[in-house]
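Topology and contacts: notes
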Amino acid sequence: MSSDMDRTMLLGVEGIKKTILHGGIGELPRIITGTKVTFHFRTQLCDTERTVVDDSKVVGMPMEVVIGNMFKLEIWETLLSSMRIGEVAEFWCDVTHTGLYPLVAKSLRRIAEGKDPVDWHIHTCGMANMFAYHTLGYDDLDQLQKEPQPLYFVLELVQVQQPSEYDRETWALNDEERLKAVPVLHGQGNKLYKLGGYQEAASKYKEAIVCIKNIQHKEKAWEAPWLKLEKMGNMLTLNYCQCLLRLEEYYEVIEHTSDIINQHPGEMKAFYLRGKANMEVWNETEARADFERVLDLDPGMKKAVKKELAVLNMRMEEKNMEDKLKYKGMF
């Protein structure tokens, strides 16, 4: 048998060629649903330069994936399960296995840049979003999206942990576990908010919202199970907006509350929070309209609204005085 045949093993899967670059140690690890696999990856085009598309070593962070719950490329499960610890292998994968790579790479890059992997506040289902936007925000990924092509993945298997050996993060949970995680995260968020940890509370609420969105997009829109999740999601989003108000992220509050109001025009708390945010950014007319709507929906809010309007009036008077002085100085 030629040494090339020794080096190149077909995994019994159509459209994959494997070349071991550096042998690993021990037996093939046991990889089952729930196993957490840590590995480095480098993605390269099949051009003469072998252009590098992504490289986790450049980012400085290995990839962690929980088997059986891939928001990642399913083909990576197959590739990794053929490797030993410490092994470095190159896999050539044809187009049937690489079509989703641009979408996966987008979320990996966003995570590396410290952003949210998904634009979670958009109300339509995730896949619909991706195709609604003609751009992924990265030129090279847009190119790959337009012209799917075979890719090389160079993988290095760093660690394999069984489910009992690590704490599972929420994205690694199944739907039933996600639903159970929501009230826990909600409670943690409330506690942190009361203690003045607004940034930390916001991230708990956001994690709970992501759990809900992940389950919700599998349900039929506007039917009972979907509506129940929508209600939970809206409540958490409004809590999240309260944190954002404290963090002075007023435009983001306006964006999220408007999203809710467009879908659910009877949501009083959304008008109230949007009114407060509009007030902070000097949108006087909009703030007054929002507070009016609050009173229409819940006359019991009269006292709270009166207080907000008193603050608004005072602020507008101060601003008018300042403006007068400014113009006076100009002439």
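Remember, it's a predicted structure, so these values are computed and weren't measured experimentally.

At a minimum axis distance of 9 Å, the contact between helix H10 (residues 224-246) and helix H11 (residues 250-263) shows a crossing angle of 160°. With respect to their mutual orientation, H10 and H11 come out roughly antiparallel. The way H10 lies across H11 gives a crossing that is left-handed. Along its contact with H10, which presents Glu230, Asn234, Thr237, Leu238, Tyr240, Cys241, Leu244 and Leu245, the element H11 presents Tyr250, Glu252, Val253, His256, Thr257, Ile260 and Gln263. Its residues placed into classes, the contact of H10 with H11 shows eight nonpolar, five polar and two charged.

For threonine 33, the location among the structural elements is in the loop between strand S2 (16-22) and strand S3 (36-45). What makes threonine 33 exposed here is its relative accessible area of 61%. Residues threonine 33 and glycine 68, spaced 35 residues apart in sequence, show a C-alpha to C-alpha distance of 4.7 Å. For threonine 33, the contacting residues outside a window of four places in its chain are Ile67, Gly68 and Pro163.

Time to look at the nonpolar core. Core analysis: the biggest nonpolar cluster contains 40 residues, and Leu236 and Val294 have the highest contact counts within it. Sorting the residues of this core by element identifies helix H8 (175-194), helix H9 (198-216), H10, H11, helix H12 (268-280), helix H13 (284-297) and helix H14 (302-330) as the ones contributing at least two each. In contact with valine 294, not counting residues within four places along its chain, are Met268, Phe271, Tyr272, Met301 and Val305.

This part is about the packing of aromatic side chains. What the rule picks out here adds up to seven aromatic pairs. Geometrically, the ring pair formed by tryptophan 76 and phenylalanine 153 is edge-to-face, given 5.7 Å between the ring centres and 85° between the ring planes. In this pair, tryptophan 76 is assigned in helix H3 (residues 74-80) and phenylalanine 153 in strand S7 (residues 151-161), connecting sequence segments 77 residues apart. Taken individually, tryptophan 76 and phenylalanine 153 each receive the classification buried, so the pair is uniform in this respect.

Reading guide: rules and limits
Residues numbered from 1 in each chain as written. Predicted model: local features only at pLDDT ≥ 70, side-chain atom pairs only at ≥ 80, totals over all residues. Heavy atoms only, no water. Axes fitted to C-alpha atoms, helices over the stretch in contact; angles between N-to-C directions. Helix = DSSP H or I, 4+ residues; strand = E, 2+ residues; numbered from the N terminus. Parallel < 35°, antiparallel > 145°, perpendicular 65-115°, else oblique. Left-handed = near helix turned anticlockwise from the far one by under 90°. Contact = heavy atoms within 4.5 Å. Nonpolar A, V, L, I, M, F, W, Y, C, P; charged D, E, K, R; others polar. Buried < 20%, exposed > 50% of the residue type's maximum accessible area, 1.4 Å probe, protein only. Core = buried A, V, L, I, M, F, W, Y, C linked by side-chain atoms within 4.5 Å. Phe/Tyr/Trp six-rings, centres within 6.5 Å; stacked < 30°, edge-to-face > 60°.

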